Amino acid sequence: RGTANARLPFKVLWMRRIRVLRRLLKKMRDAKKIDKHIYHNLYLLSKGNQFKNKRVLIEAIHTLKSERMKEKALAEQAEARKARARARTA
């Protein structure tokens with residue numbers, strides 16, 4: 001026989017998984033779907049074993065992007081509010 005690790009080493013499984021994740025990250029960065037900051041952050045997280053598979057990584061990308069969009073929208077609203085207040089006082 002042989003242990004599970006002897007038959008299909010953990011390292012081989014790890015290499016397959018990390019290559020898939022990194023390939024996806026590179027593809028999305030090149031397609032401008034994620035910026036270099038999100039890319040770098042997710043690259044380090046995937047290196048640190050945060051993502052079990054590609055589906056989980058894609059989920060994380062969607063949540064990060066939606067959070068960024070919400071923050072951006074709120075900042076724009078606050079700026080518009082400030083501009084309106086300035087226009088009223090002036």
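Just above sits the structure.
Note that the structure is a prediction, hence the values are computed from the model and not measured.

> What is the right way to read the overall build of the chain from this model?
When you go through the chain residue by residue, the secondary structure sums to four helices and zero strands. Starting at the N terminus and walking to the C terminus, you meet the elements of the chain as α-α-α-α. The globule rule puts the C-alpha radius of gyration for 90 residues at 12 Å, and the 21 Å found for the chain is more than 25% above it. Looking at the chain residue by residue over its 90 residues, the buried ones come to 17%. Within the chain, counting contacts between residues at least 6 apart in sequence, those at least 24 apart form 59% of the total. Summed over its atoms, the accessible surface of the chain is roughly 7,500 Å², and 56% of this surface lies on carbon and sulfur atoms. Averaging the coordinates of the 27 positive side-chain charges in the chain and doing the same for the 7 negative ones gives two points 11 Å apart.

> Would you explain the pattern of salt bridges in this entry?
Any two side chains of opposite charge can pair, given that their charged atoms come close. If you walk through the whole model with that rule in mind, you get three salt bridges. For Arg55, the salt bridge goes to Glu59, with nearest N and O atoms at 4.0 Å. Placement of the pair is Arg55 and Glu59 together in helix α4 (residues 54–89), with a separation of four residues, close to one helical turn. For Arg55, a relative accessible area of 56% puts it in the exposed group.

> So what exactly am I meant to see when it comes to a nonpolar patch on the surface here?
Together, Leu8, Phe10 and Leu13 make up an exposed nonpolar region whose accessible area comes to about 290 Å². For Leu8, a relative accessible area of 36% translates into the label partly exposed.

> Which parts of the structure should I look at to understand the packing of helix α2 (residues 10–30) against α4?
Each pair of packed helices gets described by two things: the angle between the helix axes and the distance between those axes. Here α2 crosses α4 at 35°, and the two axes come no closer than 10 Å. Handedness of the crossing formed by α2 with α4: right-handed. Only Lys54, Leu57, Ile58 and Ile61 of α4 make contact with α2, whose side of the interface consists of Val20, Leu21, Leu24, Leu25 and Met28. Its residues placed into classes, the contact of α2 with α4 shows eight nonpolar, no polar and one charged.

> I would appreciate a short explanation of the packing of aromatic side chains in the present structure.
What describes a pair of aromatic rings is the distance from one ring centre to the other and the angle between the planes of the rings. By the definition in use, this model includes one aromatic pair. Here Arg29 stacks its cationic end above the ring of Tyr39, 4.1 Å away from the centre of that ring.

The rules behind each value
- Residues numbered from 1 in each chain as written.
- Predicted model: local features only at pLDDT ≥ 70, side-chain atom pairs only at ≥ 80, totals over all residues.
- Heavy atoms only, no water.
- Helix = DSSP H or I, 4+ residues; strand = E, 2+ residues; numbered from the N terminus.
- Rg over C-alpha atoms; globule rule 2.2 N^0.38 Å.
- Buried < 20%, exposed > 50% of the residue type's maximum accessible area, 1.4 Å probe, protein only.
- Contact = heavy atoms within 4.5 Å.
- Areas by Shrake-Rupley, 256 points an atom, 1.4 Å probe, with all protein chains shown as cover.
- Lys, Arg positive; Asp, Glu negative; His and termini not counted.
- Charge placed at Lys NZ, Arg CZ, Asp CG, Glu CD.
- Salt bridge = Lys/Arg side-chain N within 4 Å of Asp/Glu carboxyl O.
- Patch = residues over 30% accessible without salt bridge, like charges linked within 9 Å, V, L, I, M, F, W, Y side chains within 5 Å.
- Axes fitted to C-alpha atoms, helices over the stretch in contact; angles between N-to-C directions.
- Left-handed = near helix turned anticlockwise from the far one by under 90°.
- Nonpolar A, V, L, I, M, F, W, Y, C, P; charged D, E, K, R; others polar.
- Phe/Tyr/Trp six-rings, centres within 6.5 Å; stacked < 30°, edge-to-face > 60°.
- Lys NZ or Arg CZ within 6 Å of the ring centre and 35° of its normal.

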